[in-house]
Amino acid sequence: MNTHDLRVIANRVRRRDLQAVFEAGAGHIGGELSVTDLLTALYFKIMSVDPANPRAPERDRLVLSKGHTALALYVVLAEKGFIPKDEIATFLKPHSRLNGHPNRTKVPGVETNTGPLGHGLPVGVGMATAAKLNRANWRTFVITGDGEMQEGSNWEAIMSAAQLKLDNLTLIIDHNRLQQGARLADTNDLAPLAPKLAAFGWDVQEIDGHNMDQICAVLDAGQIVTGKPKCIVAHTNKGHGVSFMSDNVAWHHKVPNEEQYNQAMTELKEAAP
Amino acid sequence: MNAPVEPAKMHDCRDAFVATLEQLGAANADIVAVCNDSVGSSKLAGFRDKFPERLINVGIAEQNMVGVGAGLANGGKIPFVCAAAPFLTGRALEQIKADVAYSETNVKLVGISSGLAYGELGATHHSIEDFAWIRALPNVPVIAPADRIETAAVIEWAAGFEGGCFLRLSRVGVPDLFAENHRFELGRANVLRKGSDVTLIANGTLSYRAMTAADLLDAKGISARVLNMATVRPIDTEAIVSAAAETGAIVTCEEHTVFGGLGSAVAEVVVDECPVPVPMKRLGVPGVFAPTGSANFLLDEFGMSPQGIADSVTDLLKRKR
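Scoring rules and cut-offs
- Residues numbered from 1 in each chain as written.
- Chains lettered and ligands numbered in written order.
- Predicted model: local features only at pLDDT ≥ 70, side-chain atom pairs only at ≥ 80, totals over all residues.
- Heavy atoms only, no water.
- UniProt positions renumbered as here; feature names shortened; annotations may be inferred.
- Phe/Tyr/Trp six-rings, centres within 6.5 Å; stacked < 30°, edge-to-face > 60°.
- Buried < 20%, exposed > 50% of the residue type's maximum accessible area, 1.4 Å probe, protein only.
- Helix = DSSP H or I, 4+ residues; strand = E, 2+ residues; numbered from the N terminus.
- Lys NZ or Arg CZ within 6 Å of the ring centre and 35° of its normal.
- Pairing = 2+ DSSP bridges.
- Contact = heavy atoms within 4.5 Å.
- Axes fitted to C-alpha atoms, helices over the stretch in contact; angles between N-to-C directions.
- 1 Å grid on protein atoms, 1.4 Å probe; cavity = no way out; pocket = protein on both sides within 12 Å on 5 of 7 lines; lining within 4 Å.
- Points joined across faces, edges and corners; volume = space filled by probe spheres on them.
- Nonpolar A, V, L, I, M, F, W, Y, C, P; charged D, E, K, R; others polar.
- Domains from an automatic or database assignment.

- As recorded in an unreviewed UniProt entry, chain B goes by Transketolase and comes from Candidatus Rhodobacter oscarellae.
- A UniProt comment under Sequence similarities (unreviewed entry) is attached to chain B, and it reads "Belongs to the transketolase family."
- According to the UniProt record, the Cofactor (unreviewed entry) comment for chain B is "thiamine diphosphate".

- Going by what an unreviewed UniProt entry lists, chain A is known as Transketolase, N-terminal section and is assigned to Candidatus Rhodobacter oscarellae.

Have a look at this one:
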């Protein structure tokens, strides 16, 4: 799939996500809009996954460690065919499979239950280790938020991945510079992230996390450096694609009113490739 | 310790654990061990030497250790995640909840040196809350074997069980209580001794103390049934209801705080399931951080010497109708 088509899908995912947040009256719209391009590239260009056989042993694995943006993952999984598209309308409804954080036992395509931050990368290290033990070629991708990197468990896993030489593991940090209540810079400023990961023995690359050409290029298997886990610092904007949400800390999990919803939807439609 | 047991007959159950793990590992390449720099205390050197790449030592990082276990299970491995019980369960409790219990992953959590095993090292190293913590989580059976034979049987069972579990082992020596051919059944208590006046329910290192207490009681004409209740969750409701109906009094003994452990689990069954309630006494650590002393000293100190258990039974029987 070419990058134009990926941008078309990403735009559609953003609109469906926005609609679901508006209708459900909840969600984490800011972080969902920042991670959408990354998820779209992974599921439609990079990863080998089969919606008809979601537990195929040789599949590539994605762990959305920033589990609060589950809705973006659900919409992408629906686009890919793992779950019915009309099921997105059940988001957060009683007994829906689609609760606020992803659940592997309920939603095909989800690999591990996330929600509390700092869980995905250790699990990803285990997955990548299993692939090494199996002499298998499948890859493991973990997406964390940048604020999430404040969790110490991530740094335990970062040390492990380097020690274990897990070049089949890719960590993508959705670096939108905002956490729930404030800017990272005003809370516990981890930036710049790249030299920190490099100091721990990782191969690090920085990209524009909304530039589909850059995303696809950096995630290509040809970019793997033998013996080193890869970290991609994806510079993104929380709320990307909607002018009044973008880079605005107020939109971590705020729900648009009808006027805001209509404006946001209009902007996204006008931006459609 | 006034139990009439000769030191030569005591066994460290870790030896049975690793011997069984090495046997299983030889037959199944998917069996791996994960540890937190605890190769020595978990006795994993033999496993490491036999299967070097299948021992994943993540260093002193318990949260990562449990997450790595969950990821290995996702990749088709059967990980035995081994660490000192207080750090495995205390430090990594949220990983156990989210990555193992909630995610329903095939991770075998092996808490080594549980209970008061680290005695003199102090309360930071005691693991007397782990029954309560893990028992509160869905999907993770909680099991404390009583001797080397049951330990081996539990490890063999765990390797074949499709799902996570918490296996609570000690390092404190215990004598054999089971016959060599014993097979472990999840959620099934074993009658170690028949009796009709009272039932002693115990597991782990307390089972043999309960057996010795039953000898002391027998000498006084009190017939004590001894139930080895290795599985704390799912608890053997039927065995408890029968014990209540047939013996009319229950004393529980555990190397754990009395808040939320085996005694609490038994009491829940008595309250919820028994048509007629029976007098009960829960022996354990009475909700304090233990003072300095060896595991055996502390168990005696907290009223769980065989004589202490027998005395509790005698007191309890005064309340029996």
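Focus on the packing of aromatic side chains
Line of reasoning, step 1. Overall, the coordinates contain 8 aromatic pairs over all chains when judged by the stated rule.
Line of reasoning, step 2. Between Phe-244 of chain A and Trp-251 of chain A, the ring centres sit 5.6 Å apart and the planes meet at 65 degrees, which makes this aromatic pair edge-to-face.
Line of reasoning, step 3. Exposure remark for Trp-251 of chain A: the relative accessible area of 3% places this residue in the buried category.
Line of reasoning, step 4. With 5.3 Å between their ring centres and 75 degrees between their planes, Trp-157 of chain B and Phe-184 of chain B make a pair best called edge-to-face. Of this pair, Trp-157 of chain B sits in helix 7 (residues 148–160) while Phe-184 of chain B is found in the loop between strand 6 (165–168) and strand 7 (190–193), placing the two residues 27 residues apart along the sequence. Side by side, Trp-157 of chain B and Phe-184 of chain B carry an identical accessibility label, which is buried.
Line of reasoning, step 5. By the ring-pair criterion, three or more aromatic residues cluster together here, those being Trp-157, Phe-161 and Phe-184 of chain B.
Line of reasoning, step 6. The lysine or arginine in question, Arg-61 of chain A, covers the ring of Trp-138 of chain A, its NZ or CZ lying 3.7 Å from the ring centre.
Line of reasoning, step 7. Residue placement shows Arg-54 of chain B over the ring face of Phe-51 of chain B; its charged tip is 4.2 Å from the ring centre.

A closer look at the sheet that holds strand 1 (residues 31–35) of chain B
Residues and elements named next belong to chain B.
Line of reasoning, step 1. Spatially, 7 strands are ordered 2-1-3-4-6-5-10 in an open sheet, and the strand pairing comes out mixed. At either margin of the open sheet sits one strand with a lone partner, and together these are strand 2 (55–57) and strand 10 (231–233).
Line of reasoning, step 2. Helix 7 contacts strand 1, strand 3 (78–84), strand 4 (108–112), strand 5 (142–143) and strand 6 of the sheet and is inclined by roughly 165 degrees relative to strand 6.

Structural notes on empty space enclosed by the protein
Using a probe with the size of a water molecule, rolled over the atoms, empty space left in the structure can be pinpointed.
Line of reasoning, step 1. Following the criterion strictly, the structure yields 5 cavities of 30 Å³ or more and no others.
Line of reasoning, step 2. Quantified by volume, the largest cavity comes out at close to 120 Å³.
Line of reasoning, step 3. Residue lining of the largest cavity: 15 residues in total, with Pro-145, Leu-169, Ser-170, Gly-204 and Thr-205 of chain B positioned closest to the centre.
Line of reasoning, step 4. Class assignment of the residues belonging to the lining of the largest cavity gives a composition of 7 nonpolar, 6 polar and 2 charged.
Line of reasoning, step 5. Three or more residues apiece are contributed to the lining of the largest cavity by two domains, here domain 1 (8–168) and domain 2 (190–317) of chain B.
Line of reasoning, step 6. When its volume is computed, the second largest cavity comes out at roughly 60 Å³.
Line of reasoning, step 7. Residue lining of the second largest cavity: Tyr-43, Met-47, Val-49, Asp-50, Pro-54, Arg-59, Asp-60, Leu-62, Phe-82, Gly-109 and Glu-111 of chain A, and that is the complete set.
Line of reasoning, step 8. Here the lining of the second largest cavity is composed, by residue class, of 6 nonpolar, 1 polar and 4 charged.

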